[in-house]
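Structural overview
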Amino acid sequence: MATNKPVDVVIVGFGWTGAIMAIELAQAGLNVLALERGEDATTVPNWAYPKVVDEISQSARNGLLQNLSKSTVTIRHHKDDRALPYRQIGSFKPGTGVGGAGIHWSGVHSRVMPQELRLRSHITERYGARFIPEGMTLQDWGVTYEELEPHFDRFEQVCGTSGKAGNLQGRALEGGNPFEAPRSHEFPLPPLTDPPTSALFAKATRELGYHPYPLPAANASRPYTNPYGCQLGPCNFCGFCSDYGCINYSKASPQTTILPVLYRMPNFALRTQAHVLKVNTDSAGKVATGVTYVDAQGHEVEQPATMVVLAAFHLHNVRLMLSSGIGQPYDPGTGQGKVGRNFCYQLLNSVNLFFDKNVYINQFMGAGGVGQAIEDFYGDNFDHGKLGFIGGGVIWGRQTGNGPVRGIPLPSGSPAWGSGWKAAVKKNFLHTGRIESQLSNMAYRGCYLDLDPTYRDAYGTPLLRMTLNWQDNDLRMSEFFGEKLSQIGKAMGATSQSGRVLKRGDNWDTRAYQSTHINGGTAMGADPKTSVVNKYLQSWDVSNLFVLGANVFAHGIGYNPTGLVGALAYWSAANIRATYLKSPGPLVRG
Amino acid sequence: MSSNDGQTSRRDFLATTLALAPLAVTVVGQTAAQSINGEQLPSSSPAPDHPSVPDYRPSYFTSAEWAFINAACARIIPADEHGPGAVELGVPQYIDRQMGTPWADGGIWYMQGPFFAGAPEFGYQSQLTPKQQYRMGIKAIDTLCHERLNMPFVALTAAQQDDVLKQIEKGSLTSTELPLSTFFSGFLLRNVMEGYFGDPMYGGNKDMAAWKMIGYPGVRADYLEWVGQAKPYPYGPVSIYGKRG
Ligand SMILES: Cc1cc2nc3c(=O)[nH]c(=O)nc-3n(C[C@H](O)[C@H](O)[C@H](O)COP(=O)(O)OP(=O)(O)OC[C@H]3O[C@@H](n4cnc5c(N)ncnc54)[C@H](O)[C@@H]3O)c2cc1C
Ligand code: SF4
């Protein structure tokens with residue numbers, strides 16, 4: 001096997017978290033090498049107009065997504081079932097190539113609720129320990145909102161996020177989210193213009209007594225230069241946002257916000273078409289010595305490094321930990337072990353609203369992150385005592401932009417083809433909006449990740465196996481939100497509603513898109529027995545290994561994850577720079 | 001059609017941003033070769049323009065299959081008072097052309113065995129590629145039509161064809177060879193919709209007629225001045241190759 005020249009830091013995966021860690025550590029003077037399995041990509045030529053605004057190549061044929069023929073996962077609902085491969089893209093859409101899912105994401109840019117980071121303590125204090133049902137493995141995350149605040153702020157400044165503060169250093173501000181946790185600065189850019197769905201949503205929810213606010217969006221509302229000196233142009237609501245690379249340098253991505261500056265640093269290097277197989281450790285398994293990857297020719301190469309960072313997206317970060325044998329794998333029978341534990345997802349209820357022919361929604365216009373939302377039912381913003389479930393989420397009226405190949409929603413009972421179908425698409429296309437509730441997903445003893453005993457990827461490595469299904473607590477919460485959605489839809493003036501609201505008895509359906517907000521599996525925490533990384537995202541077992549991504553979440557939050565994923569990467573980088581580099585070793589004693 | 005239709009503003013903007021975008025890059029390995037030689041850089045042009053043609057000859061489908069595809073397209077999206085039908089817009093050509101893409105060989109799916117039938121929630125669990133689905137699916141439907149009505153699908157009346165397709169869709173009519181409802185909903189229907197509503201460069205949606213029917217402006221992709229107004233959008237569609245409808 002060929003062995004490369006050693007580097008100070010090797011970063012596995014070059015999407016959002018990889019780019020953040022790379023620039024922060026390169027700026028600290030380290031020799032940084034990023035290994036990315038996919039190809040290089042930049043706005044021009046990859047997402048040039050009109051090449052990329054192509055529903056067939058991008059949406060119908062998954063242009064920017066991980067090629068499942070090379071690598072996928074297997075899925076089952078329960079540990080006694082046989083897991084089957086995720087053969088076609090459905091419920092989630094992992095990315096590939098430079099920029100990762102940071103290219104084809106939507107841009108909803110949230111933070112976290114302070115109470116979510118100490119959920120077990122919070123629920124126990126407010127409702128008593130017995131309120132937490134048997135089998136729900138809630139735990140505190142070991143880090144506080146106050147510690148993370150400067151890093152949330154930093155990531156918003158980098159992204160040029162559009163929004164309106166509701167709580168500026170404890171001061172309530174008109175026009176923002178009244179439930180917001182305190183923020184040190186206003187958003188870098190003002191909110192985007194409300195498309196029709198969002199305007200109707202704001203009016204209706206205000207009249208119902210709720211508190212609508214403009215959803216923070218990493219789609220620039222104005223020209224902007226970020227702290228690294230990268231420039232964004234204003235979003236023009238092109239309607240090709242989620243699933244697509246941005247034609248206008250408006251959606252924050254590694255390419256638009258970090259890479260132009262990083263690529264000029266002589267101590268940074270990128271190697272593409274480098275698929276990392278595992279993290280190598282010394283004979284005691286205590287020190288990472290580098291990684292092994294497969295290069296474009298299919299040859300295995302060893303890359304020695306003083307420090308290893310996993311930034312390969314949730315699925316691959318967890319798989320790499322398991323394949324490398326770092327940390328004790330979780331055993332659902334005994335509840336012992338931790339790698340794979342607390343694997344969670346997110347519940348998305350989606351309701352299409354059909355309006356009268358004089359109400360123009362024009363669903364083809366829109367941007368991934370634009371919308372109005374309410375958090376009256378987020379987290380523990382409402383009393384759960386009588387409701388008897390834990391969790392909550394955001395309800396929003398977003399208008400993300402939709403074209404006909406992506407699917408034209410129709411009222412229930414409409415035929416799927418023939419003249420009746422034609423009449424229905426013609427009548428409804430311009431007059432259809434959508435509202436959604438995006439909900440937390442608690443952690444459960446029986447929901448976890450391990451390696452599949454049967455199926456392998458194109459490199460001969462066992463696939464990651466997901467064992468997960470919706471649980472009673474979360475489905476009861478979902479039913480509660482179903483009622484709210486229907487109430488809001490009516491108040492918006494919809495003449496009919498159709499869609500998907502998860503109810504008791506529903507199983508996780510992997511065919512329909514839910515979201516790519518997959519969480520947990522290498523939880524962060526204060527206790528090395530129940531967490532894989534400490535509060536600085538440093539492996540408890542191998543102190544020169546740092547693990548980024550939503551896999552460090554201890555449960556599935558209701559917000560979109562990337563605001564928190566990005567802030568945690570900045571927080572980890574700041575602590576590496578301030579403390580770890582001066583004296584490498586465990587930042588917390590286990 | 002206004003000449004100042006908003007396209008210009010974005011192009012101007014792009015030109016400006018391009019001028020400002022910092023020059024990449026310090027990279028090694030694969031990408032270095034590309035950026036240093038400047039030769040293998042991926043192109044910014046779209047896929048080739050292959051609009052529907054009047055005298056199309058299928059390259060994957062046999063003549064019997066081609067007749068089936070045309071007949072099925074004519075029932076799935078018939079020409080009627082609401083707008084043009086799938087056949088007129090070239091949808092069969094779209095489907096035949098797609099058979100030449102990696103997708104048609106299962107190239108973007110995980111196709112390693114073992115294969116087990118699972119609950120529907122676990123999605124597609126067959127080793128049949130799209131090409132094989134069409135080959136076997138059409139044959140199985142024609143076999144059923146022969147058994148019941150002594151004729152291939154194409155020879156049935158429109159009402160009989162609708163009835164056969166509806167029963168297949170519901171699952172009440174199927175084959176021991178392959179689940180026909182999967183062939184119908186997961187392949188045929190899906191591809192018909194793609195061809196009907198996709199860009200004309202892929203062979204369907206001739207003259208953007210499907211877009212005009214529903215009021216979709218195609219790839220204009222520039223709505224800054226319009227997004228805040230809940231009003232009819234005044235301009236007709238534009239295609240990837242810049243044609244206007
Ligand atoms: C359609 C869609 C919409 C989304 N919308 C939102 C949203 O509105 N708001 C939000 O907060 N989040 C959203 N997300 C989620 C967001 O994209 C992710 O949270 C974010 O990109 C995660 O960053 P990451 O660095 O962990 O992973 P990524 O950005 O995906 O980067 C991981 C990189 O690692 C590479 N890699 C993987 N395995 C290997 C290996 N073995 N060797 C080498 N390289 C490897 C991958 O190719 C990839 O480039 C969305 C995601 C999708 C798919
Ligand atoms: S909607 Fe805006 S941010 Fe999204 S891709 Fe289009 S221009 Fe870019």
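Rules behind the numbers
Residues numbered from 1 in each chain as written. Chains lettered and ligands numbered in written order. Predicted model: local features only at pLDDT ≥ 70, side-chain atom pairs only at ≥ 80, totals over all residues. Heavy atoms only, no water. 1 Å grid on protein atoms, 1.4 Å probe; cavity = no way out; pocket = protein on both sides within 12 Å on 5 of 7 lines; lining within 4 Å. Points joined across faces, edges and corners; volume = space filled by probe spheres on them. Nonpolar A, V, L, I, M, F, W, Y, C, P; charged D, E, K, R; others polar. Near = heavy atom within 4 Å. Axes fitted to C-alpha atoms, helices over the stretch in contact; angles between N-to-C directions. Helix = DSSP H or I, 4+ residues; strand = E, 2+ residues; numbered from the N terminus. Parallel < 35°, antiparallel > 145°, perpendicular 65-115°, else oblique. Left-handed = near helix turned anticlockwise from the far one by under 90°. Contact = heavy atoms within 4.5 Å. Polar contact = N/O pair within 3.5 Å; in protein donor to acceptor, adjacent residues only side chain to side chain. Areas by Shrake-Rupley, 256 points an atom, 1.4 Å probe, with all protein chains shown as cover. Pairing = 2+ DSSP bridges. Salt bridge = Lys/Arg side-chain N within 4 Å of Asp/Glu carboxyl O. Buried < 20%, exposed > 50% of the residue type's maximum accessible area, 1.4 Å probe, protein only. Buried area = accessible area lost by both parts, 1.4 Å probe. pLDDT = per-residue confidence, 0-100.

Brief notes about empty space enclosed by the protein
All names here are of chain A.
- On inspection of all chains with the given rule, the structure shows nine cavities of 30 Å³ or more.
- As a volume, the largest cavity reaches approximately 160 Å³.
- In this structure, the largest cavity is lined by 17 residues; those nearest its centre are Ser110, Arg111, Asn177, Glu180 and Tyr559.
- A per-class count over the lining of the largest cavity returns nine nonpolar, three polar and five charged.
- Considered as a void within the structure, the second largest cavity measures approximately 100 Å³ in volume.

Some thoughts on the site of ligand 2
- Taken together, 13 residues lie around ligand 2, and Cys235(A), Cys238(A), Phe240(A), Cys241(A) and Cys246(A) are the ones closest in.
- Of the residues contributing to the shell around ligand 2, the split by class is seven nonpolar, five polar and one charged.

So, the packing of helix α4 (residues 91-98) of chain B against helix α7 (residues 180-197) of chain B
All names here are of chain B.
- At their nearest, the axes of α4 and α7 sit 8 Å apart, and the two run at 115° to each other. Regarding the angle of α4 to α7, the classification is roughly perpendicular. As for how α4 packs across α7, the hand of that crossing is right-handed. Touching Val91, Tyr94 and Ile95 of α4 are Asn191, Val192, Glu194, Gly195 and Tyr196, all from α7.

Considering the site of ligand 1
Residue and element names in this part refer to chain A.
- Around ligand 1, a shell composed of 35 residues is seen, among which Thr17, Glu36, Gly97, Val108 and Thr562 lie nearest.
- For ligand 1, an oxygen atom lies 2.9 Å from a polar atom in the backbone of alanine 101.
- A distance of 2.9 Å is found between a nitrogen atom of ligand 1 and a backbone nitrogen or oxygen belonging to valine 276.
- With the chains in place, 98% of the 1,000 Å² that ligand 1 exposes on its own is no longer accessible.
- Put simply, the parts of the chain that give the shell around ligand 1 at least two residues each are α1 (16-27), α4 (101-104), β12 (275-281) and α10 (313-324).
- No other element matches α4, which puts three residues into the shell around ligand 1.
- Class assignment of the residues belonging to the shell around ligand 1 gives a composition of 14 nonpolar, 18 polar and three charged.

Structural notes on the pairing of strand β20 (residues 448-456) of chain A
Residues and elements named next belong to chain A.
- Note that β20 and strand β21 (residues 462-467) share five bridges and pair antiparallel. Paired with tyrosine 448 across the bridge in β21 is threonine 467.
- The turn linking β20 back onto β21 is made up of five residues, and glycine 460 within it adopts a positive phi angle of 85°.

A word on the pattern of salt bridges
Residues and elements named next belong to chain A.
- Taken as a whole and judged by the stated rule, the model has 29 salt bridges over all chains.
- Salt-bridge contacts for glutamate 24 lead to arginine 577; the nearest nitrogen and oxygen are separated by 3.2 Å. One end of the pair, glutamate 24, is in helix α1; the other, arginine 577, is in helix α13 (residues 562-580), and 553 residues separate them in sequence.
- Lysine 535 serves as the salt-bridge partner of glutamate 147, at 2.6 Å between the closest nitrogen and oxygen. Remark: lysine 535 occurs in the loop between β23 (519-521) and β24 (545-547) and glutamate 147 occurs in helix α6 (residues 145-159); sequence separation between them is 388 residues.
- Residue classification places glutamate 147 among the partly exposed residues on the basis of a relative accessible area of 25%.
- Here the salt bridges do not stand alone but share partners, grouping Arg111, Glu149, Glu156, Glu180 and Arg183 into one network.

Some details on the sheet that holds strand β8 (residues 213-214) of chain A
- The strand order across the open sheet built from six strands is β8-β17-β18-β19-β16-β22 (chain A), with neighbouring strands paired in antiparallel fashion. The open sheet has two free edges, formed respectively by β8 and β22 (496-500) of chain A, since each of these has just one partner strand.

Points about the interface of chain B and chain A
- Between chain B and chain A, the residue contacts involve 90 residues of the former and 87 residues of the latter.
- Interface area, chain B with chain A, both sides summed: about 7,400 Å², of which 63% is carbon and sulfur.
- It is Tyr110(B), Phe122(B) and Val227(B) in chain B that bury the most area against chain A; as a group they hold 11% of the surface buried on that side.
- Where chain B meets chain A, there are two salt bridges.
- For Asp80(B), the salt bridge identified is with Lys422(A), shortest N-O distance 3.0 Å.

Brief notes about the confidence of the model for chain B
Residue and element names in this part refer to chain B.
- Considering every residue of chain B, the mean pLDDT works out to 87; 83% of them sit at 70 or more.
- Note that pLDDT drops below 50 for residues 1-39; the model gives that stretch 62 contacts with residues more than four away or on any other chain.
- If you check the scores for this complex, the pTM reads 0.95 and the ipTM reads 0.96.

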